[in-house]
Amino acid sequence: MTTVDLSSYKKLYLQTAKQYSDIISKSYIKILRNSLDKDALKNMYISAHSLKSQSQAMGYVKMTALSGIIEKTIKNILANNTQIPNDLMVVIKDAIENVKLSLRNIQTENKEKDTDVISKKLEEYIRRL
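So, here is what we can say about the structure in this document. (Residues numbered from 1 in each chain as written. Predicted model: local features only at pLDDT ≥ 70, side-chain atom pairs only at ≥ 80, totals over all residues. Heavy atoms only, no water.)

This part covers the pattern of salt bridges. For the coordinates displayed, the defined rule picks out five salt bridges. When the shortest N-O distance is used, the salt bridge between Asp-22 and Lys-18 registers 3.0 Å. On the criterion of helical spacing, the pair formed by Asp-22 and Lys-18 is a turn pair, its members being four residues apart in helix α1 (residues 10–33). The class for Asp-22 is partly exposed, based on a relative accessible area of 27%. By relative accessible area, which is 48% here, Lys-18 ends up partly exposed. The salt bridge partner of Lys-52 is Glu-71, with a shortest N-O separation of 2.8 Å. Placement of Lys-52 in helix α2 (residues 38–58) and of Glu-71 in helix α3 (residues 61–80) is noted, with a sequence separation of 19 residues between them. Its relative accessible area of 9% is what places Glu-71 among the buried residues. Overlapping salt bridges bring together Lys-62, Asp-114 and Asp-116 as one network. (Salt bridge = Lys/Arg side-chain N within 4 Å of Asp/Glu carboxyl O. Helix = DSSP H or I, 4+ residues; strand = E, 2+ residues; numbered from the N terminus. Buried < 20%, exposed > 50% of the residue type's maximum accessible area, 1.4 Å probe, protein only.)

Here it is in structure tokens:
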């Protein structure tokens, strides 16, 4: 298998990934006010999905996993149409912060932040939804 150099796409990736993380953050704030805000939940879901896909294409394994687990969490919330528990909102906030930190690391240090702990924590919640 041939290795493809994706470094020339890094700047574009970071631009769009930041836009997706901003939408996720803004949607989170709306959900804090009303956890049944379907538009905010859908925007968060779509942005997490897009971030996951782009991260996977770029080879960012940790970012792919974390944004994928955010996507899956929101998908389950939408499917269950229930109030989001406060402790889950705290974990989602931590996940969003980890996304932002990882993007900063990719930009400044050319490597991802280790997000396994928060990914596993969020995954545990999904099992309970």
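Attention now goes to the layout of surface pockets. In this structure, the largest pocket occupies an estimated 170 Å³ of space. Together, Leu-14, Lys-18, Ser-21, Asp-22, Lys-100, Leu-103, Arg-104 and Gln-107 line the largest pocket. Those elements that place two or more of their residues in the lining of the largest pocket are α1 and α4 (86–109). Split into classes, the residues belonging to the lining of the largest pocket amount to two nonpolar, two polar and four charged. (1 Å grid on protein atoms, 1.4 Å probe; cavity = no way out; pocket = protein on both sides within 12 Å on 5 of 7 lines; lining within 4 Å. Points joined across faces, edges and corners; volume = space filled by probe spheres on them. Nonpolar A, V, L, I, M, F, W, Y, C, P; charged D, E, K, R; others polar.)

In this structure the tally under the stated criterion is one aromatic pair. Centroid distance Tyr-13 to Tyr-60: 5.0 Å. Interplanar angle 40°. Geometry classified as tilted. Of this pair, Tyr-13 sits in helix α1 while Tyr-60 is found in the loop between α2 and α3, placing the two residues 47 residues apart along the sequence. Residue Tyr-13 shares its accessibility class with Tyr-60, and that shared class is buried. Against the face of Tyr-125 rests Arg-128, its NZ or CZ located 4.3 Å from the ring centre. (Phe/Tyr/Trp six-rings, centres within 6.5 Å; stacked < 30°, edge-to-face > 60°. Lys NZ or Arg CZ within 6 Å of the ring centre and 35° of its normal.)

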